[in-house]
Amino acid sequence: MSATVETLEAIERPPVTMGSRLEGELLEVSMGPQHPSTHGVFRMNVALEGEIVRKLKPVFGYLHRNHEKIGENTSYLGSMPYTDRLDYFCSMTNNWAYALSVEKLAGIEVPERAQYLRIILAELTRLQNHASLLGFLLNDMGAWGTPLMYAFREREKILDLFESLSGSRMMCDYMRFGGCRVDADDAWLARARQIVDRFPKFLDEFEELILGNEIVIGRTQNVGKLSADLAISAGITGPMLRACGVNYDVRKVDGYGFYPRFKFRIPLGEHGDTYDRLMMRALEMRESVEILKQALAQIQPGPIVNPKVKIRAFRPPVGEAYGRIEAPKGELGFYLISDGGPNPYRYRVRPPSFINLTVLEDLCLGHTVADVMVILGSVDIVMGEVDR
Amino acid sequence: MSEGQMDEALRRELQRQGVWVTSMQELYNWGRKNSIWPLQFGLACCAIEMIATAASRYDIARFGGEIFRPSPRQADLMIVAGTVTKKMAPQIVRLYNQMADPKYVISMGACAISGGPFKQGYNVLKGIDRYIPVDVYIPGCPPRPEALLHAFMELQRKIDEQKLTGADKAAHLDPQQPSEFPVPAFGRHDLEPPANADVFQPPKLERV
Amino acid sequence: MESLEQIKDRAETAIPGAKIDIVPNPGPANQPSLLIDNEHAPAIAKFLRDDAALRLDFCSNVTGVDWLDRVAKKTVKVKKVVDGEEKEVNQTTEEKIPGYLEAVYHLYSITHKHGAVIIRMRTEDRAAGARLPSLTPIWRSAEFQEREIYDLYGIRFDGHPDLRRILMWDEFEDHPMRKDYVQPDDFEWEPTPHDDVLARAKQHYTPRPELDGAEKITAGSGDTLKR
């Protein structure tokens, strides 16, 4: 045994001086595509100096499933189920954005009851998206499990509503050009009212439990600050833009659907940091509850689909259209070019979470690697939409 | 319990008297099947249903599968939950290779089985079984959490039936069976090779 | 907001040499666009962003469009002498429009809350001349979207800070969103083939003349792995 020790001693080694050797050297780490906190198959190449992020390059495409190419080879209506799978948390708003664009392209009117149903479902989608986002974000922060369980408990209630209406929990495929697919009966509306009325209780509980939490405040305030100028230039939309104090909500600006009929406020942040982005979601949920209460009270019986719209052999006239809505993650747009055929000539999705990632590097520079996950969580991405 | 060693009626009678007779194989498989640790790894939409399965309402913990491990080295089960793109396929094979034997694969949803609705995509792999062997397939787009629980129970049944000895013993006990599979490379137009012929033998549709 | 004609006039006066065409959009959406010349594109974009009345500070959507070589047929009535007699004959002239790639930008103003103004740029051809100036220095939001266009359509953006493939892997050579892209034939077996999918699947069928039209599904070869 002693011989082994001697042999080891004999090996010449460079002198080890702890702390000084790695100084100034960057360590490159590839985070993802399989990582518990990258919300799917997102990948970042991060250059670290110690624990501090000095460079960050996102790598996309691990869920690039050719939505646009398939959309150009399918009929207009055939793309509707595919839009469900874009942002798979919010199939209702994806449906609406696509239906809105085709309605612009072909000049289709939507009956009143369908507009109400669309708003009700879009706002319910916003509730469940934001609730799940807060759950995931807190999960990333280390509140392992509990907030996510609470959020998913509420989400399941809303998914039950979706399921009883459309037949599917997540992939609703509910909207049609010029209306909706099936009508909601009175029992459904009564259940929706009940869930909406009880939702603020969950919000109170959740906010009390989490948003005033010292650890949450410590890990989010002044982390990942985004200036309003950069946010506008980088095309940031949705709650992330409004967290910087920029008052821009497509629901108010475009006034699509029947949104101008409802009274609701747009929450705005002051600092543009992670805490503001988190709060923005909590406040938006309260406003969504307000919209839902008004819509559920005002909805009147009537037709749910425009009878003039052809279902078979649907061919919009030659032209192009860009339609956009305020999806829970930001501005979701569809750009369609029609050459008069049954398929769109060009089918393009403007994905909010993909464009919101433009500033990810700017947000993370100078923060520790542990903050990267919190910042990424607050951007609210879904890979189905980022890579399409 | 190995076949032909004890009469089933006698065994039940003994159990009633408080004597529990078992075999090594039964005990071993019972332990393994009730603590399957899945790899925490979601690809697409199905991953959200996988999370819902792990969350409060469906609660996969009832079946001993709630410990989702972020590291493949600690996981027994890979749930391929979602569309496998060609860009992602090498990573999945690599993750599978990094898992320790015995290891199992559930192919969750239409996309992981065959490409599903995205089959016509240029970047979509037409089924993860082109590169790694799959134990249980779940149809659906996405499958409901109940379907995932059903697949989980099917997998438990499969584990329960695995033999420890003999010619038809479990694959992980057979040194002839490979535990790792070649990782495909990114080619100029497609993955190279487009499928692993040792694993993927599709049925041939013969037509005039 | 001003009309596109007014924007065009003001931009052409502000930037000497700039050439802007209005591309009409006949559909019910009525979203006409401005075709700007490639040479002055960054200057025009800067004007659109910084002009006090326009302030198009938010570039929402950037996308590529592929237009293949087209043949536009025109039928004109011409007088012709046939058999010593003057007749009116329909003469069809075929005009060949060479293909090009297009980049489309949808601009909005967050300051004034108006929009959309749509601008588009066209490349010379679909091969070596597929180059456009990058507008990323004007609107940062174009950064990833122009990379995506480069990846999927193959337009090279001059002046882009980091022009790499974004969705496909780096070794990939094709531009899959182009209309003439042929994807790898990897449909080995289709349970329910139809249309062009059926045509592709048929190439993989092995003929069995003795069955005379009947079909039979056989399992894969016997030596399947146990796993």
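You'll find the structure just up there.
Residues numbered from 1 in each chain as written. Chains lettered and ligands numbered in written order. Predicted model: local features only at pLDDT ≥ 70, side-chain atom pairs only at ≥ 80, totals over all residues. Heavy atoms only, no water.

Caption draft 1: Layout of empty space enclosed by the protein. Residue and element names in this part refer to chain B. Taken as a whole and assessed by the stated rule, the structure comprises 4 cavities of 30 Å³ or more. Approximately 80 Å³ is the volume attributed to the largest cavity. Taken together, 16 residues form the lining of the largest cavity, with Cys45, Cys46, Thr83, Cys111 and Cys141 sitting closest to its centre. Top contributing element to the lining of the largest cavity by residue count: helix α5 (residues 109–114), with 3 residues. (1 Å grid on protein atoms, 1.4 Å probe; cavity = no way out; pocket = protein on both sides within 12 Å on 5 of 7 lines; lining within 4 Å. Points joined across faces, edges and corners; volume = space filled by probe spheres on them. Helix = DSSP H or I, 4+ residues; strand = E, 2+ residues; numbered from the N terminus.)

Caption draft 2: The arrangement of unusual backbone geometry in detail. Between Asp101(B) and Pro102(B) the backbone carries a cis peptide bond, its omega angle lying at -5°. As for its placement among the helices and strands, Pro102(B) is situated in the loop between α4 (89–98) and β2 (104–108). In this chain, Cys141(B) is followed by Pro142(B) through a cis amide linkage whose omega measures -15°. As for its position among the elements, Pro142(B) is in the loop between β3 (136–138) and α6 (145–160). Unlike most non-glycine residues, Asp380(A) shows phi in positive territory, near 65°. For Asp380(A), the position within the fold is in the loop between α15 (369–379) and α16 (383–387).

Caption draft 3: Geometry of the environment of Pro24(C). By the secondary structure assignment, Pro24(C) is in the loop between β1 (20–23) and β2 (33–36). Taking the C-alpha atoms as reference points, Pro24(C) and Arg200(C), separated by 176 residues in sequence, lie 39 Å from one another.

Caption draft 4: Here's a closer look at the pattern of salt bridges. Residue and element names in this part refer to chain A. One pass over the full model with this rule turns up 64 salt bridges over all chains. Of the charged contacts, one joins Glu68 and Arg348 as a salt bridge, the two residues approaching to 3.8 Å between their closest N and O atoms. One end of the pair, Glu68, is in helix α2 (residues 67–72); the other, Arg348, is in strand β8 (residues 344–350), and 280 residues separate them in sequence. What makes Glu68 buried here is its relative accessible area of 4%. By relative accessible area, which is 1% here, Arg348 ends up buried. (Salt bridge = Lys/Arg side-chain N within 4 Å of Asp/Glu carboxyl O. Buried < 20%, exposed > 50% of the residue type's maximum accessible area, 1.4 Å probe, protein only.)

Caption draft 5: Inspection of the sheet that holds β3(B) at higher detail. Residue and element names in this part refer to chain B. One open sheet accounts for 3 strands, arranged β1-β2-β3; its pairing is parallel. The open sheet terminates on both sides in strands that have one partner only, identified here as β1 (77–81) and β3. Going across the sheet, the axis of each strand differs from the next one's by a mean of 15°, ignoring polarity. For β2 and β3, the ladder comprises 3 bridges, and the chain directions are parallel. Counted as the bridge partner of Ser107 is Tyr137 from β3. (Pairing = 2+ DSSP bridges. Axes fitted to C-alpha atoms, helices over the stretch in contact; angles between N-to-C directions.)

Caption draft 6: Structural context of the interface of chain B and chain A. Each partner contributes residues to the interface: chain B has 35 residues there, and chain A has 32 residues. Across the chain B to chain A interface the summed buried area is about 3000 Å²; carbon plus sulfur atoms make up 62%. Between the two partners, chain B and chain A, sit 4 salt bridges. Measuring nitrogen to oxygen at the nearest pair gives 2.8 Å for the salt bridge that ties Glu49(B) to Arg169(A). Applying the counting rule to chain B against chain A returns 16 residue pairs in polar contact (both at pLDDT 80 or more). Contributing elements (two or more residues each) for the side of chain B that touches chain A: α3 (45–54) and α4 of chain B. If you tally residues by element for the side of chain B that touches chain A, the top one is α3(B), at 6 residues. Looking at the side of chain B that touches chain A residue by residue, the classes come out as 22 nonpolar, 9 polar and 4 charged. (Contact = heavy atoms within 4.5 Å. Buried area = accessible area lost by both parts, 1.4 Å probe. Polar contact = N/O pair within 3.5 Å; in protein donor to acceptor, adjacent residues only side chain to side chain. Nonpolar A, V, L, I, M, F, W, Y, C, P; charged D, E, K, R; others polar.)

Caption draft 7: Broad picture of the layout of surface pockets. Empty space within the second largest pocket amounts to approximately 840 Å³. Forming the walls of the second largest pocket are 39 residues, and the residues nearest its centre are Phe136(A), Asn139(A), Leu148(A), Gln40(B) and Ile51(B).

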